[in-house]
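Structural overview for review
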Amino acid sequence: MFELKHLFFILIALTWFEDATIFNHNLIISYGLIITTIWLILNLKKILKKEITFTKPGFYLISGLLFFLAWSILSLNWSEITDICKERVFNITAVVGLTIILLDQFRRENDWITVYKILVTSGLVSSILVIEQAFSGVYRPVGYISPDPNFTAMRIITLVPLTYYWAKSSENTLRLLLTVSILIPFLAIISTGSRAGISVLLIISLIIIFQELKSKDTKKMLITFLVMLGIGALLLSTIIHDPLQPGITRFGNLVDTIKGDISPDGSILERYNLLIGGIRMFFDHPILGVGLGDFRVLSMDYGAGWDDEAHNTYLEIATELGIIGIGIFLGLISYILIKYKKLEKTYSNNPLQTFITGCKIAYISILINFLFLTAFSDRRFYILMAFAVAMLGREHLSIKSFMSHIKELWKKIVPSPNSQ
C-alpha cells in the first residue's frame, strides 16, 4: 500500500545527487517543497491543536534544532543581509523541517533500516557516476574531478561504514556483493581530488578496524575489509592509476608539505589564513558573532586572499553565531553521540546493532569532515541525527504532553518557594 513516507524515501535517495552529479538541483528542491507542503496540509490540524506526536528523544532533538534555527534567524539583526544569508536561512529551515518530518513519518525500526539501505544503494550509484566522471574527464576543473571535491568526498565517505556494516549484517551473495561494493566509495573519494577526503577516508578505515577488533565474532569480516582496501590500493597503483592521478598527486603533495619537503601550495596557505582570520574574528565578536552568512563578507578584512567561507563548519558557526550558536550546535552533536552509545547498548544482542554502528561511524565521519568544509546543512548529517533518536523510545507524546513533561522537570530542578 502506497503511503506518504514512500515519497520521502525517494527524497532521501535524491539527496545523493545534489551538486555531486546533478549540478542544477532545483528540481530536487522543488520536489522536497511539494511533498513537505502535502505533509503540512495533512498534519496542519494536529499541529495547531498540539496533537502531533513524537518520542521524548525526538522532541528533545527537535527543540535543539529549533533553538539553533531561531538563533540563526535572530543573528540577521546584526549581520549584513546578503544572498548568502538568505540561502543559509533556507537551508537550515529545510534540514530542520526534513528532520521533523522524518521523525513523524518513520516510526518503526523497519522504516529506518529501509532509510539506511536507501542511503547505501543510492549513494553507491552516485559514487559510480563520480568515478565515471574521472574516466570521461567530464566536469573536471584544473586539478580536480568533482565540482566541489571536499563536499563530494564528505558525502561519499559516509558510505564506507554504512556499506561495510550492511555487508556484515547480510549473508551469502548479498554480503559478498556489498563487501566488493566498498571499493566504489574508496575509488570515488580519491577521484574527487580531495586531500581532506582521502585523509578522512584513512581515519574512518582505522576507526572501523578498531571497532571490529573489539568484537569477537568479526575476524573473517575484518580480514575481508582489509583485503578490499588492499585491492583498492592495487587498482590505484596499476590498472586505473591515470584517471585518478589528480587525487593521488594532490594527496602526495599534502604529505610532502607536512614532511617539509615542499612549500605549501595556494590552497593550504588560504586555509591557514582562513583559520587564523576566523579565530581573530571570533575573539572580536565572541558572544553574538558577526551574524549568519557574514564570515565570507568579512573574510578579506581578516587576511583571506578572497571572500571565502571558513572551510571549517565549527569555526564558521562560532564566528557567525558566537558562543551561543556554537554551544547549541555542539550540544546537539553531543546529544546524538550519547544516543548512539545508548543505542549500541540497548541493541547489543540484536541484529540491528550492526546498522546502528554503521550509522554511528558515518556520523563521526561527517563530524571529522566538518573540520575541512562548511556544510552544517548537509542532509545526511540530519538524517543520521534522526536515526539516533528514532530508534530510541517507543512511547509517543503529543506536544501538550511533552510541555507538561518539561514543566515537571523544571519544578524538580527549580523548586517553588512554597515547597521549601
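Residues numbered from 1 in each chain as written. Predicted model: local features only at pLDDT ≥ 70, side-chain atom pairs only at ≥ 80, totals over all residues. Heavy atoms only, no water.

1. Concerning the overall build of the protein
Defined as follows: To qualify as a helix, a DSSP run of H or I must reach at least 4 residues; to qualify as a strand, a run of E must reach at least 2; elements of each kind are numbered from the N terminus. The classification of residues rests on relative accessible area computed with a 1.4 Å probe and restricted to protein chains. Under 20% of the type maximum is buried, over 50% is exposed, and intermediate values are partly exposed. Whether two residues touch is decided by their heavy atoms; if any such pair falls within 4.5 Å, the residues are in contact. Note on areas: Shrake-Rupley with a 1.4 Å probe; residue coverage comes only from the protein chains shown.
Summing up its helical and strand segments, the protein has 18 helices and two strands in all. The 420 residues of the protein split such that 52% are buried. For the protein, the proportion of contacts with a sequence separation of at least 24, taken over those separated by at least 6, is 79%. For the protein, the computed accessible surface area is about 19,700 Å², with 66% contributed by carbon and sulfur atoms.

2. Regarding a nonpolar patch on the surface
Stated formally: The patches described consist of residues with a relative accessible area above 30% and no salt bridge, like charges being joined within 9 Å and nonpolar side chains (Val, Leu, Ile, Met, Phe, Trp, Tyr) within 5 Å. We define a salt bridge as a side-chain nitrogen of Lys or Arg found within 4 Å of a carboxyl oxygen belonging to Asp or Glu.
Judged by side-chain polarity, Tyr60, Ile406, Leu409, Trp410, Ile413 and Val414 come together as a nonpolar surface patch covering roughly 570 Å² of accessible area. Here the nonpolar patch gets four residues from one element, more than from any other, and that element is helix H18 (residues 399–413). Structurally, the position occupied by Val414 is in the segment after H18.

3. Concerning a positive patch on the surface
Quick note on the threshold: Charge counting treats Lys and Arg as positive and Asp and Glu as negative, with His and both chain ends excluded. Where a charge lies is defined by one atom per residue type: Lys uses NZ, Arg uses CZ, Asp uses CG and Glu uses CD.
Taken together, the side chains of Lys45, Lys49, Lys50, Lys400, Lys407 and Lys411 present a region of like positive charge at the surface. Per-element tally for the positive patch: the top contributor is H18, with three residues. Overall, the relative accessible area of 37% leaves Lys50 in the partly exposed class.

4. A few points about the packing of aromatic side chains
Rule in force here: Working definition: rings of Phe, Tyr and Trp (its six-membered ring) pair if their centres are within 6.5 Å, and the pair is stacked with planes under 30 degrees apart, edge-to-face with planes over 60 apart, and tilted otherwise.
Applying the stated rule across the entire model yields 21 aromatic pairs. Considering the side-chain rings of Tyr340 and Tyr363, the 6.0 Å spacing of their centres and the 45° angle between planes classify their relative orientation as tilted. You can see Tyr340 sitting in helix H15 (residues 313–346) and its partner Tyr363 sitting in helix H16 (residues 353–369), a full 23 residues away along the chain. Cluster of aromatic residues (ring-pair linked, three or more members): Phe68, Tyr314, Phe329, Tyr340, Tyr363, Phe370, Phe376, Phe381 and Tyr382.

5. Focus on the nonpolar core
Selection criterion: By convention a nonpolar core is built from buried Ala, Val, Leu, Ile, Met, Phe, Trp, Tyr and Cys residues, the set being connected through side-chain atoms within 4.5 Å.
Of all hydrophobic cores here, the largest spans 108 residues; its most connected members are Trp112, Phe329, Tyr340 and Phe381. Per element, the largest residue contribution to this core is 12 residues, and it comes from H15. Beyond its immediate sequence surroundings of up to four residues, Tyr340 is in contact with Ile356, Cys359, Lys360, Tyr363, Leu384, Phe387 and Ala388. Counting eight residues, the second largest nonpolar core, distinct from the first, contains Leu274, Ala304, Ala310 and Leu315.

6. Quick word on H15
Filter applied, for reference: Here the expected span of a helix is defined as 1.5 Å times the quantity of residues minus one. Each residue is assigned a bend, namely the angle between axes fitted to the seven residues that terminate at it and the seven residues that start at it. Pairs of N or O atoms are called polar contacts if they sit within 3.5 Å, as long as, within protein, a hydrogen donor faces a hydrogen acceptor (for residues adjacent in sequence, only side-chain-to-side-chain pairs).
Its 34 residues place the ends of H15 only 31 Å apart at the C-alpha level, less than the 50 Å of an ideal helix rising 1.5 Å per residue. Taking the largest bend as the criterion, H15 deviates by roughly 130°, centred on Gly322. Where H15 begins, the side chain of Asn312 points an oxygen toward the backbone nitrogen of Tyr314, at a separation of 3.1 Å.

7. Some details on helix H10 (residues 195–213)
Helix length check: H10, at 19 residues, gives a terminal C-alpha distance of 27 Å against a target of 27 Å (1.5 Å per residue), a fit within 8%. When we look at burial in H10, the residues that qualify are Arg195, Ala196, Gly197, Ile198, Val200, Leu201, Ile204, Ser205, Ile208, Ile209, Gln211 and Glu212. The N-capping residue of H10, defined by a side-chain oxygen 2.8 Å from the backbone nitrogen of Gly197, is Ser194.

8. So, the packing of helix H3 (residues 56–74) against H15
Packed helices, taken two at a time, are described by the angle their axes make and the gap between the axes. Just so we agree on the cut-off: Here the axes come from fitting lines to C-alpha atoms, over the contacting stretch only for helices, and the angles between their N-to-C directions go from 0 to 180 degrees. What sets the label is the angle itself: under 35 degrees gives roughly parallel, over 145 gives roughly antiparallel, 65 to 115 gives roughly perpendicular, and the rest give oblique. For this classification, the nonpolar set comprises Ala, Val, Leu, Ile, Met, Phe, Trp, Tyr, Cys and Pro, the charged set comprises Asp, Glu, Lys and Arg, and every other residue, Gly included, is treated as polar.
Relative orientation of the contacting elements H3 and H15 amounts to 175°, with a least axis distance of 10 Å. Accordingly, the angle class assigned to the pair H3 and H15 is roughly antiparallel. Two secondary-structure elements touch here, H3 through Pro57, Tyr60, Leu61, Gly64, Leu65, Phe67, Phe68, Trp71 and Ser72 and H15 through Ile317, Leu321, Ile324, Gly325, Ile328, Phe329, Leu332, Tyr335 and Ile336. Grouping the constituent residues of the contact of H3 with H15 by class yields 15 nonpolar, three polar and no charged.

9. Some details on the environment of Phe59
With respect to the helices and strands, the residue Phe59 is situated in helix H3. On the accessibility criterion, Phe59 (6% relative accessible area) is buried. Spatially, the C-alpha atoms of Phe59 and Ile399 are 8.4 Å apart, while their sequence positions differ by 340 residues. Not counting chain neighbours up to four residues away, the residues in contact with Phe59 comprise Ile52, Phe54, Leu397, Ser398, Ile399 and Phe402.

10. Some points on the environment of Arg296
One can find Arg296 in helix H14 (residues 295–298). Each residue touching Arg296, except ones within four places of it in the same chain, is listed here: Ile84, Asp307, Asp308 and Glu309. Within the local environment of Arg296, its side chain forms a polar contact with the side chain of Glu309, the two groups lying 3.3 Å apart.

11. Structural notes on the confidence of the model for the protein
Selection criterion: pLDDT runs from 0 to 100 and stands for how confident the predictor is about each residue.
For the protein, per-residue confidence averages 83 on the pLDDT scale, and 84% of positions sit at 70 or higher. Taken element by element, the protein is modelled with least confidence in helix H11 (residues 219–237), mean pLDDT 62, and with most confidence in H15, mean pLDDT 95. Counted against residues more than four places away or in other chains, residues 139–146, with its pLDDT under 50, gives 26 contacts.

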